Amino acid sequence: MRIITLPLTTGPARISAAAAANQTRFTYFDFQSPINALQSASVMPATSRWLPNSAQISSLAAIKAASVWSEFGKAEGGWKLKAYETGQALIDKTDFEELALRSFNPSDINCQDTVKIPLIYPPSVFPPSASAVLAELQAHIASRIELHKKGLYLWSAAIPPTLPLKLIPIIPNFPFFYSAWRAWSHYQAKTSAEYLQSLLKHNAIVPEASSELDEIYLVRRQRLTIATAESDIQRVILTHDDIPSLVLFCSVDSASLKRAIEQVADRLGRN
């Protein structure tokens, strides 16, 4: 297990732990776990030994739902394909932070061992010390726990009013399914965030500076310099052009990172 820290927007030129705790910028935390041991290093290249952890489906009902949803995407026109396309668009609008937390599965961590999870980060973006990156992760986790608690209660309350729609023949009860999915998604993200918070409290997450990751950010030094000169204005650091380098270095999921960059750009555009 490891966590890749990818700052998406500019922050103070020398960010302190206190500033990081106030979440002065947007950061994408990519939670990754090693692939199955059967796919050994002798078969896979070094950069492929770490892959984004897909949320493990834990019940037959979830497996069935995923199968049905996949079939919708294979439909040749009609309401099934339209429903699939609409659903995928809604997923793309889901907070990238929520989707990232959902990808973290606590069962991937062997609690019988002394847990030490590397928090890999670009040091030039987090001077003068590693405490800033830890503070930023702590603030991120704390804020997401509160948000997902509210989301869980809200979408759980939305489920009962949608039940009568089941009486309508032919068309599936999409409002019910969407409300249930949003409630489940918030529950998964909240559970993962709470587990990460406990790891932080037990000092199980250890900052680890990466010169290789730093090189990718240093390529954007001019952009950083111009943006941080205006301290009150956040600007997006990474662009779509940076995604291939990050995929090659740390196996970050390209679609997830692209979604995060686009969402952050959209949020800044609305401010």
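Cut-offs applied
Residues numbered from 1 in each chain as written. Predicted model: local features only at pLDDT ≥ 70, side-chain atom pairs only at ≥ 80, totals over all residues. Heavy atoms only, no water. Helix = DSSP H or I, 4+ residues; strand = E, 2+ residues; numbered from the N terminus. Contact = heavy atoms within 4.5 Å. Core = buried A, V, L, I, M, F, W, Y, C linked by side-chain atoms within 4.5 Å. Buried < 20%, exposed > 50% of the residue type's maximum accessible area, 1.4 Å probe, protein only. Phe/Tyr/Trp six-rings, centres within 6.5 Å; stacked < 30°, edge-to-face > 60°. Axes fitted to C-alpha atoms, helices over the stretch in contact; angles between N-to-C directions. Parallel < 35°, antiparallel > 145°, perpendicular 65-115°, else oblique. Left-handed = near helix turned anticlockwise from the far one by under 90°. Nonpolar A, V, L, I, M, F, W, Y, C, P; charged D, E, K, R; others polar.

What follows deals with the side chain of Asn173. Take Asn173: it is sitting in the loop between α5 (131-162) and α6 (174-201). Not counting residues within four places of it along the chain, the set of residues in contact with Asn173 comprises Thr162, Leu163, Leu165 and Lys166.

Moving on: the nonpolar core. Within the largest apolar cluster, 47 residues are counted, with the highest numbers of intra-cluster contacts made by Ile3, Leu6 and Leu8. Excluding residues within four positions of it along the chain, Leu6 makes contact with Thr27, Tyr28, Leu213, Tyr217, Leu238, Leu246, Val252 and Leu257.

Bringing the packing of aromatic side chains into the picture now. Here the distance between the centres and the angle between the planes together describe a pair of aromatic rings. For the structure shown, the criterion picks out seven aromatic pairs. Look at Tyr178 and Trp181: their rings are 6.1 Å apart centre to centre, the planes differ by 35 degrees, and that puts the pair in the tilted class. Taken together, the residues Tyr178 and Trp181, both in helix α6 and three residues apart, mark about one turn of the helix. Tyr178 gets classed as partly exposed once you look at its relative accessible area, which sits at 27%. Consider the rings of Trp184 and Tyr187, whose centres lie 5.4 Å apart with planes at 25 degrees: the pair is stacked. One end of the pair, Trp184, and the other, Tyr187, are both in helix α6, three residues apart, so they sit about a helical turn from each other. Judged by its relative accessible area of 41%, Trp184 falls in the partly exposed class. An aromatic cluster of at least three residues, connected via ring pairs, comprises Phe31, Phe104 and Tyr195.

Okay, the packing of α5 against α6 next. Where α5 meets α6, the closest approach of the two axes is 7 Å, and the angle between their N-to-C directions is 155 degrees. Classified by the interaxial angle, the pair formed by α5 and α6 is roughly antiparallel. α5 and α6 meet at a crossing whose hand is left-handed. Residue composition of the contact of α5 with α6, grouped by class: 20 nonpolar, eight polar and four charged.

For the rest of this paragraph, the subject is the environment of Leu257. Here Leu257 is to be found in helix α10 (residues 254-270). Using a relative accessible area of 0% as the deciding quantity, one classes Leu257 as buried. Between the C-alpha atoms of Leu257 and Phe96, which are 161 residues apart in sequence, the distance is 8.3 Å. When residues no more than four places from it in sequence are discounted, the contact partners of Leu257 are Leu6, Leu8, Tyr28, Ile243, Leu246 and Val252.

This next bit is on the packing of helix α7 (residues 211-218) against helix α9 (residues 243-250). Following both chains from N to C, one finds α7 and α9 inclined at 175 degrees, their axes separated by 11 Å at the closest point. The orientation of α7 relative to α9 falls into the category roughly antiparallel. Only Ser245, Leu246 and Phe249 of α9 make contact with α7, whose side of the interface consists of Glu212, Leu213 and Ile216. Of the residues belonging to the contact of α7 with α9, the class tally is four nonpolar, one polar and one charged.

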